[in-house]
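This is what each chain is made of:
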Amino acid sequence: MDRKDKRRASGRTQEEDEVRSGKKRRPESGEESRRRRSSSAGRKRRKGAKGRGGAEQRAAQAQNYKKRKKKRTALNIVSTVVLVAAICVFVFSLYQLVMTLVPYYTGGQEYDKIRDLAITTDDNGQGFSVDFDVLLEQNPDTVAWIRFEEPSMINYPVVKSSDNSDYLTKTFVANDNKLGAIFMDYRNTSDFSDRNTFIYGHHLNVGGEMFSELLEYEDESFCQEHPNFYIYTPDGRVRTYTIFSAGIVKDTAENYNITYDSDEAFTKYLDLCRESSNYQVDVDLNAQSKIVSLSTCTNVRDDERFLVQGVLTEEVGGE
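Nothing here was measured: the structure is a model prediction, and the numbers come from that model.

Cut-offs used in this document
- Residues numbered from 1 in each chain as written.
- Predicted model: local features only at pLDDT ≥ 70, side-chain atom pairs only at ≥ 80, totals over all residues.
- Heavy atoms only, no water.
- Helix = DSSP H or I, 4+ residues; strand = E, 2+ residues; numbered from the N terminus.
- Contact = heavy atoms within 4.5 Å.
- Patch = residues over 30% accessible without salt bridge, like charges linked within 9 Å, V, L, I, M, F, W, Y side chains within 5 Å.
- Areas by Shrake-Rupley, 256 points an atom, 1.4 Å probe, with all protein chains shown as cover.
- Salt bridge = Lys/Arg side-chain N within 4 Å of Asp/Glu carboxyl O.
- Lys, Arg positive; Asp, Glu negative; His and termini not counted.
- Charge placed at Lys NZ, Arg CZ, Asp CG, Glu CD.
- Buried < 20%, exposed > 50% of the residue type's maximum accessible area, 1.4 Å probe, protein only.
- Phe/Tyr/Trp six-rings, centres within 6.5 Å; stacked < 30°, edge-to-face > 60°.
- 1 Å grid on protein atoms, 1.4 Å probe; cavity = no way out; pocket = protein on both sides within 12 Å on 5 of 7 lines; lining within 4 Å.
- Points joined across faces, edges and corners; volume = space filled by probe spheres on them.
- Nonpolar A, V, L, I, M, F, W, Y, C, P; charged D, E, K, R; others polar.

Student: So what about the environment of aspartate 185? Which residues, and what values?
Tutor: Position of aspartate 185 among the secondary structure elements: in the loop between β5 (182-184) and β6 (196-200). For the pair formed by aspartate 185 and phenylalanine 198, sequence separation is 13 residues and the distance between their alpha carbons is 5.4 Å. Look past the residues within four positions of aspartate 185 in its chain and what remains in contact with it is Lys160, Asn164, Phe198, Tyr200 and Ile258.

Laid out in structure tokens, this is it:
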């Protein structure tokens, strides 16, 4: 039986047979056609939307990149400004530090040269003597030399001017320097014949020069170990002073009184100094005593001073 006979026997048409064999597509119904067109349109819309979404995403990414680049540029500018500012601050601070330290260094060298020129000792540091001719040649204001065995840094010429401000910022050889000089109160006589002779010196935060080391005498044990200091004068005399008072006082305190109307007034003054001392020292004091008062700042309060006072206990030499 051929194919036509089979179709006739099955009741199928040639078109149905072709559809069934795959040679021809089955005709779509109206509903199927609508679904196909709708699906195709949906795919196109999704594809279009996807294309539009990709473009928008790329545009957003480009915009974000520009923003990040702009932000990085701003941060780089800020970082550069901060770095330049930090370098400027560092350079300025270094300059300030150098300008602070240079006077200590140059002033210290100056006083070292003065000691080399004017001081003579033996190999053991004994036989201390001062060449006042050399000192007076360099500075006619020279009136004495003060020396401590300890603290040994206090080892300087003493000058005297017509006021108490000249040598605050001027060294022994008249150089402008914050170290200044060790100087006698202008109201005192230069030969240490007054009842109370005041000598002033700076307390420095760096280096320990001038009267900075006087503050060692805050400690009673230090005073017990090193009770004396020495004054040398151009007339060849060497005076030994034993410390009897050391403590902090106001710059307006009666401890800075330099004149006394009577023996009784001077005795009361000595009692006042003992009372204001950090500790008591067993040494004789009376109306005939001759004392030297060494004054420096505390660098804690502007109106405070550290005052170390010694009484004359020995005097040798003299022309």
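Student: Describe a negative patch on the surface, naming the residues involved and giving the relevant values.
Tutor: A surface patch of negative charge is lined by Glu149, Glu150, Glu216, Glu218, Asp219, Glu220 and Glu225. Mapped onto the elements, glutamate 216 comes out in the loop between β6 and α5 (220-225). Classification of glutamate 216 as partly exposed rests on a relative accessible area of 35%.

Student: Go over the packing of aromatic side chains, please, and point to the residues and values.
Tutor: All chains considered together, the criterion is met by 12 aromatic pairs. Their ring planes at 35° and their centres at 5.4 Å tell us that phenylalanine 183 and tyrosine 200 sit as a pair that is tilted. Taken together, the residues phenylalanine 183 in strand β5 and tyrosine 200 in strand β6 connect sequence positions 17 residues apart. A centroid spacing of 5.5 Å and a plane angle of 20° characterise the contact between phenylalanine 198 and tyrosine 256, whose relative ring orientation is stacked.

Student: Explain empty space enclosed by the protein residue by residue, including any values.
Tutor: This model, assessed by the stated rule, comprises one cavity of 30 Å³ or more. Of the pockets and cavities examined, the largest cavity occupies roughly 30 Å³. Along its surface, the largest cavity is lined by Ser245, Ala246, Gly247, Val249, Asn255, Cys273, Ser276, Ser277, Leu307 and Gln309. In terms of residue count, the dominant contributor to the lining of the largest cavity is strand β8 (residues 237-250) (four residues). Here the lining of the largest cavity is composed, by residue class, of four nonpolar, six polar and no charged.

Student: Help me get a handle on the pattern of salt bridges, residues and values and all.
Tutor: For the structure shown, the criterion picks out 12 salt bridges. A salt bridge links arginine 115 to aspartate 112, with the shortest nitrogen-to-oxygen separation between them at 2.8 Å. Note that arginine 115 and aspartate 112 are positioned in helix α3 (residues 30-118) at a spacing of three residues, about one turn of the helix. Arginine 115 gets classed as buried once you look at its relative accessible area, which sits at 18%. Taking the relative accessible area as the measure of exposure, aspartate 112 reaches 42% and is therefore partly exposed. Across the salt bridge formed by glutamate 264 and lysine 268, the nearest N and O atoms sit 3.7 Å from each other. Of this pair, glutamate 264 and lysine 268 both sit in helix α6 (residues 263-275), separated by four residues, roughly a single helical turn. Exposure class is identical for glutamate 264 and lysine 268. Each is exposed. Through salt bridges with shared partners, one network takes in Asp235, Arg237, Arg239 and Glu315.

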